[in-house]
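A structural walkthrough
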Amino acid sequence: MGNSPVQIKVNGTRLSIIQGDITRQATDAIVNAANSGLMGGGGVDGAIHRAGGPAILEECKQIVARQGRLPAGKAVITTGGNLPAKHVIHTVGPIWHGGDKGEAELLRSAYRESLGLAAENNLTSVSFPSISTGAYGYPVEQAAKVALSTAITFLREKVTSIKEVVFVLFDLRTYETYSAAIHEVTGE
Ligand code: AR6
């Protein structure tokens, strides 16, 4: 399989799948696969805080002071700090415990809440990483179907400010898995 970007149109919104580093995306928002403490971590979370600088952590601390830890499936928005993206939407995916502990519903919720927050803030473009498939151990094949079907359902159900959704996959295997899953999900 090649490395050319995959794109579809859903209800006027472009949805694309690319391989790359999400910290370099100049969409209105990038989504962070955070943990409930919102204090940074490894993986994409670490990369976003490193590239975005201390302003992001400062806002995360204020959010946690105000509302407590962020449960899995929920999302909050902060500045993008020094990132090319104006905002970071922090969401918490589920930790994989075998698949019968509500993981799929929590993962769906993480994508849905992130898109909802982007729409509430009138954003036009948002980039996602592959939430939960790193440290949290969610199998990529299953996560890809949940991620793409949730985004497509959200975009089909209502017209919002969002005109572009980009899945930015870091490694080739994840990129290829999402590219294959989109055909399955759309039936095209
Ligand atoms: N751009 C895009 N994707 C990336 C990047 C990047 N710069 N860096 C890594 N990935 P993970 P999780 C991919 O572990 O499974 C953190 O410590 C990575 O290859 O970042 O939701 C948090 O603080 C993988 O495909 O997130 C939490 O404690 C995907 O991002 C915990 O890990 C997700 O991997 C969250 O675990």
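Residues numbered from 1 in each chain as written. Predicted model: local features only at pLDDT ≥ 70, side-chain atom pairs only at ≥ 80, totals over all residues. Heavy atoms only, no water.

**Here we look at empty space enclosed by the protein**
Just so we agree on the cut-off: Lining residues are those with an atom within 4 Å of a point, where the points come from a 1 Å grid over the protein atoms alone and group into cavities, where a 1.4 Å probe fits but cannot get out, or pockets, open sets with protein on both sides within 12 Å along at least five of seven lines. Grid points are joined across faces, edges and corners, and a volume is the space filled by probe spheres set on the points. Under the convention adopted here, Pro, Cys and the residues Ala, Val, Leu, Ile, Met, Phe, Trp and Tyr are nonpolar, Asp, Glu, Lys and Arg are charged, and Gly plus all remaining residues are polar.
In this structure the tally under the stated criterion is one cavity of 30 Å³ or more. Quantified by volume, the largest cavity comes out at close to 30 Å³. Every residue lining the largest cavity is listed: Val10, Asn11, Thr13, Leu155, Lys158, Val159, Thr160, Ile162 and Lys163. A per-class count over the lining of the largest cavity returns four nonpolar, three polar and two charged.

**Focus on the environment of glycine 93**
We apply this condition: Strands are runs of DSSP state E lasting at least two residues, helices are runs of H or I lasting at least four, and both sets are numbered from the N terminus onward. Only protein chains enter the area calculation, which uses a 1.4 Å probe; residues under 20% of their type maximum are buried, those over 50% are exposed, and those in between are partly exposed. The contact criterion used throughout is that any non-hydrogen atoms of two residues lie within 4.5 Å.
Along the chain, the position of glycine 93 falls in the loop between β5 (87-92) and α3 (103-120). Given the relative accessible area of 3%, glycine 93 is considered buried. Apart from residues lying up to four places away in sequence, glycine 93 is in contact with Ala72, Ile131, Ser132 and Tyr136.

**A short note on the site of the ligand**
Definition in use: If even one non-hydrogen atom of a residue comes within 4 Å of a molecule or strand, that residue is called near it. Any pair of N or O atoms that falls within 3.5 Å is considered a polar contact. Within protein, one atom must be able to donate a hydrogen and the other to accept it, and sequence-neighbouring residues count only if both atoms are side-chain atoms. Molecule-in-pocket calls rest on the fraction of atoms, with more than half required to lie within 2 Å of the cavity or pocket grid points.
Close to the ligand lie 23 residues, the nearest being Asn35, Gly42, Asp45, Gly134 and Ala135. Here an oxygen atom of the ligand sits 2.8 Å away from a polar atom, N or O, in the main chain of valine 44. At a separation of 2.8 Å, an oxygen atom of the ligand approaches a polar backbone atom of glycine 134. Put simply, the ligand lies in the largest pocket.

**A few points about helix α1 (residues 43-52)**
All buried positions along α1 are accounted for by Asp45, Gly46, Ala47, Ile48, His49 and Gly52. For α1, the secondary structure elements touched by its buried residues are β3 (29-34), α2 (54-67) and β5. Positive backbone phi, approximately 85°, marks glycine 53, located one or two places after α1.

**Description of the packing of α3 against helix α4 (residues 140-157)**
Where we set the bar: Axes here refer to lines fitted to C-alpha atoms; in helices the fit is confined to the stretch in contact. Angles between the N-to-C directions go from 0 to 180 degrees. Angle categories: roughly parallel below 35 degrees, roughly antiparallel above 145, roughly perpendicular from 65 to 115, and oblique for all the rest. By convention the crossing between two helices is left-handed if the near helix lies anticlockwise of the far one by an angle smaller than a right angle, and right-handed if it lies clockwise.
Following both chains from N to C, one finds α3 and α4 inclined at 40°, their axes separated by 9 Å at the closest point. In terms of their interaxial angle, α3 and α4 are classed as oblique. You can see that α3 and α4 cross each other, and the crossing is right-handed. Contacts from Ala104, Leu107, Arg108, Tyr111, Arg112, Leu115 and Gly116 of α3 reach α4 at Ala143, Val146, Ala147, Thr150, Ala151 and Phe154. Partitioning the contact of α3 with α4 into residue classes produces nine nonpolar, two polar and two charged.

**Points about the packing of aromatic side chains**
Inclusion rule: Note on aromatic pairs: the rings of Phe, Tyr and Trp (six-membered ring only in Trp) are paired at centre separations within 6.5 Å, and the planes decide the class, stacked below 30 degrees, edge-to-face beyond 60, tilted for the rest.
Inspection of every chain in the model, using the stated rule, returns five aromatic pairs. Ring centres of tryptophan 96 and tyrosine 138 lie 4.7 Å apart, and the angle between their planes is 55°; this geometry places the pair in the tilted category. Of this pair, tryptophan 96 sits in the loop between β5 and α3 while tyrosine 138 sits in the loop between β6 (125-128) and α4; the two residues are 42 residues apart in sequence, bridging distant segments of the chain. The exposure class of tryptophan 96 is partly exposed, given its relative accessible area of 22%. Summarising the aromatic geometry, the rings of phenylalanine 167 and tyrosine 178 are spaced 5.8 Å apart at their centres and angled 40° between planes, so their arrangement reads as tilted. With phenylalanine 167 in strand β7 (residues 164-169) and tyrosine 178 in helix α5 (residues 172-186), this residue pair connects regions lying 11 residues apart in the sequence.

**What to know about the sheet that holds β3**
The following threshold applies: Strand pairing is assigned whenever DSSP detects at least two bridges linking the two strands.
Read across the sheet, seven strands follow the order β1-β2-β7-β6-β3-β5-β4 without closing on themselves; strand pairing throughout is mixed. Across the chains shown, the open sheet's two edge strands, defined by having one partner strand only, are β1 (6-10) and β4 (75-79). Taking the axes of each pair of neighbouring strands and ignoring which way they run, one obtains an average angle of 25° across the sheet. Bridge count for strand β2 (residues 13-19) against β7 is six bridges, and the pairing is parallel. When the bridges of β7 are listed, glutamine 19 appears paired with leucine 169. With respect to the sheet, α2 is in contact with β4 and β5, its orientation differing from that of β4 by roughly 140°. Here α5 sits on the sheet and contacts β1, β2 and β7; the angle it forms with β2, its principal contact strand, is near 150°.

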